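# Architecture and fold: a report
Given next are the chains, with one letter for each unit.
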Amino acid sequence: MILMYKLLPEQVMSYWDDIKACIEAALPPYVGSNPDAMVYIQEQLLVGNIECWAAFEEKKLCGVMTTQITYDSVSKTKNLLIYSITIVSGHTDELWQLAAEKMRAYATAKQCSNIIAYSNNDQMIHIAEKLGADSSYRLLTFSL
């Protein structure tokens, strides 16, 4: 059975080595991969500006997702951003369904209009489409 929880700050610290590795593996391309960025991300998790969700199967960590409530300042639209997501072991579609249900319930409770995410991973895009996501928009980046 797969269970998924939103971790409290002290739980984040208990699993920090695994969480850190998962976040580093899934950082968006516009985030510099350096120790300072990870310290800041850890700080944001501990003060509650970013949420950490962990999935467990038989008490073994099998996935980590980080989220953040965002506001579009122009339209005043509130969204739940999936900042990073990493699966660390083999899994079934049950894990994706559970995560989608949890995120929908959480976003609804927080009065968000949408759940949003960025990805350039074809497999993740396919999974998101199967879960009902519109993947027609893409994040375009111009490196400087």
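Here goes a summary of the coordinates provided.

Time to look at the state of the cysteines. Inspection of the entire model under this criterion finds zero disulfides. Here Cys22 stays free of any disulfide, with the sulfur of Cys52 as its closest cysteine sulfur at 8.5 Å. Classification of Cys22 by relative accessible area gives buried; the value is 3%. With no disulfide of its own, Cys112 lies 18 Å from the sulfur of Cys52, the closest cysteine sulfur.

Here we take up the nonpolar core. Val12, Ile19, Ile23, Leu27, Ile41, Leu45 and Cys52 are the most contacted members of the largest nonpolar core, which totals 20 residues. Once you skip the residues sitting within four places of it in the chain, Ile23 turns out to touch Met38, Ile41, Leu45, Thr66 and Ser84. Core analysis: the second largest hydrophobic core is formed by 16 residues, Ile2, Ile82, Leu95 and Met103 among them.

The tally for this structure, following the rule as stated, stands at three aromatic pairs. Centre to centre, the rings of Tyr5 and Phe56 are 6.2 Å apart; their planes meet at 50°, and the pair counts as tilted. In this pair, Tyr5 sits in strand 1 (residues 2-6) while Phe56 sits in strand 2 (residues 51-57), placing the two residues 51 residues apart along the sequence. Classification of Tyr5 by relative accessible area gives partly exposed; the value is 42%.

Glancing now at helix 4 (residues 93-109). If you check helix 4, its first and last C-alpha atoms are 24 Å apart, about what 17 residues at 1.5 Å a residue would give, namely 24 Å. Phi turns positive one or two residues past the end of helix 4, at Gln111, with a value near 60°.

Looking now at the sheet that holds strand 3 (residues 60-72). The strand order across the open sheet formed by five strands is 1-2-3-4-5, and the pairing between neighbours is mixed. The open sheet is flanked by strand 1 and strand 5 (114-117), the only strands paired with a single partner. When strand polarity is set aside, the average angle formed by the axes of neighbouring strands in this sheet is 30°. The sheet contacts of helix 4 involve strand 1, strand 2, strand 3, strand 4 (77-87) and strand 5, and relative to strand 1 the element is tilted by about 30°.

Looking at the secondary structure, you find Asn79 in strand 4. For Asn79, a relative accessible area of 10% corresponds to the buried category. With sequence-adjacent residues up to four places away left out, Asn79 is seen in contact with Gln68, Ile69, Thr70, Cys112, Ser113, Asn114 and Ile116.

With that out of the way, let us pick up unusual backbone geometry. Positive phi values are uncommon outside glycine, yet Glu58 reaches one of about 50°. Looking at the element boundaries, Glu58 is found in the loop between strand 2 and strand 3. Residue classification places Glu58 among the exposed positions, given a relative accessible area of 70%. Although it is not a glycine, Lys76 sits at a positive phi angle of roughly 65°. You can see Lys76 is positioned in the loop between strand 3 and strand 4. Note on Lys76: relative accessible area 69%, which makes it exposed.

What follows is about helix 2 (residues 16-26). Trp16, Ile19, Cys22 and Ile23 are the residues of helix 2 that are buried. Burial along helix 2 is one-sided: seen end-on, the buried residues are contained in an arc of 130°. Helix 2 presents Asp17 and Ala25 as exposed residues on the side facing more than 90 degrees away from its buried surface. Where helix 2 is buried, its residues meet helix 1 (9-14), helix 3 (35-47), strand 2, strand 3 and strand 4.

Parameters and conventions
Residues numbered from 1 in each chain as written. Predicted model: local features only at pLDDT ≥ 70, side-chain atom pairs only at ≥ 80, totals over all residues. Heavy atoms only, no water. Disulfide = S-S within 2.5 Å. Buried < 20%, exposed > 50% of the residue type's maximum accessible area, 1.4 Å probe, protein only. Core = buried A, V, L, I, M, F, W, Y, C linked by side-chain atoms within 4.5 Å. Contact = heavy atoms within 4.5 Å. Phe/Tyr/Trp six-rings, centres within 6.5 Å; stacked < 30°, edge-to-face > 60°. Helix = DSSP H or I, 4+ residues; strand = E, 2+ residues; numbered from the N terminus. Expected span 1.5 Å × (residues − 1). Pairing = 2+ DSSP bridges. Axes fitted to C-alpha atoms, helices over the stretch in contact; angles between N-to-C directions. Arc of directions from axis to C-beta.

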